[in-house]
Amino acid sequence: MDRPVAIVVLLGVSGSGKSTIGQRLAERLRWPFFDGDDFHPVQNIEKMARGQPLTDADREPWLDRLAELIETSVATGRSAVIACSALRHSYRERLARGHREVVFVYLKGSFELIRERLARRQEHFMPLDLLPSQFAALEEPSDAITIDIRQTPEAIVETIVRRLEDRLTGLSAE
């Protein structure tokens with residue numbers, strides 16, 4: 001399919017599968033993948049590693065760096081997949097900057113399921129203790145592609161691709 005430029009932002013709480021699904025989706029679409037965690041200032045990572053939730057002020061430089069990535073991708077006509085929690089509506093607006101090329105995909109799961117996943121995860125700075133703060137900050141999007149994360153990663157990717165193609169077909173027709 002000859003697709004228009006799209007920036008897919010996978011959002012959800014820590015442990016929802018953003019990085020795993022993002023890597024697989026990017027591979028499937030043959031687009032670059034960017035993990036939002038790689039854009040955090042060191043102070044943010046250290047703060048989270050100490051079990052302290054980030055404030056909106058902490059998140060501002062991080063969101064701005066990701067928004068610049070999106071801006072550059074759109075300006076250069078390059079599609080991309082980005083994993084970014086984007087928990088609040090205002091964060092998503094800050095990221096998209098009004099670009100209709102940005103498509104949010106919400107990886108939705110229950111607190112219990114995600115707690116189980118985080119308990120098994122190793123080598124990540126985000127402690128299990130911060131999960132309640134993530135759910136407290138989450139403002140579920142109404143305009144995103146919403147995906148139930150109880151499916152296999154393969155099924156999730158295929159569902160996203162199918163729904164993304166529908167969304168992009170609508171964009172091309174405009």
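Presented here is a report on the structure given in the accompanying data block. What you see is a predicted model; the values in this text were computed from it and never measured.

**Quick notes on the overall build of the protein chain**
Working step 1: The helix and strand tally for the protein chain stands at seven helices and five strands.
Working step 2: Scanning the protein chain from its N terminus toward the C terminus, one meets helices and strands in the order β-α-β-α-α-β-α-β-α-α-β-α.
Working step 3: Here the C-alpha radius of gyration of the protein chain, 15 Å, is about what a compact globule of 174 residues would show, namely 16 Å.
Working step 4: For the protein chain, the C-alpha atoms occupy an extent of roughly 45 × 35 × 25 Å along the three principal directions.
Working step 5: Relative to its full complement of 174 residues, the protein chain shows a buried share of 47%.
Working step 6: For the protein chain, the proportion of contacts with a sequence separation of at least 24, taken over those separated by at least 6, is 77%.
Working step 7: Approximately 8,900 Å² of the protein chain is accessible, and the part contributed by carbon and sulfur atoms is 47%.
Working step 8: Side-chain charges of the protein chain comprise 24 positive and 27 negative groups, with the mean position of each set lying 2 Å from the other.

**Quick look at the sheet that holds strand β3 (residues 80-83)**
Working step 1: Taken together, the five strands give an open sheet; going across it, the order is β2-β3-β1-β4-β5, and neighbouring strands pair in parallel fashion. At either margin of the open sheet sits one strand with a lone partner, and together these are β2 (33-35) and β5 (145-148). When strand polarity is set aside, the average angle formed by the axes of neighbouring strands in this sheet is 20 degrees.
Working step 2: Judged from the four bridges that link them, strand β4 (residues 102-108) and β5 form a sheet pairing that is parallel.

Conventions and cut-offs
Residues numbered from 1 in each chain as written. Predicted model: local features only at pLDDT ≥ 70, side-chain atom pairs only at ≥ 80, totals over all residues. Heavy atoms only, no water. Helix = DSSP H or I, 4+ residues; strand = E, 2+ residues; numbered from the N terminus. Rg over C-alpha atoms; globule rule 2.2 N^0.38 Å. Buried < 20%, exposed > 50% of the residue type's maximum accessible area, 1.4 Å probe, protein only. Contact = heavy atoms within 4.5 Å. Areas by Shrake-Rupley, 256 points an atom, 1.4 Å probe, with all protein chains shown as cover. Lys, Arg positive; Asp, Glu negative; His and termini not counted. Charge placed at Lys NZ, Arg CZ, Asp CG, Glu CD. Pairing = 2+ DSSP bridges. Axes fitted to C-alpha atoms, helices over the stretch in contact; angles between N-to-C directions.

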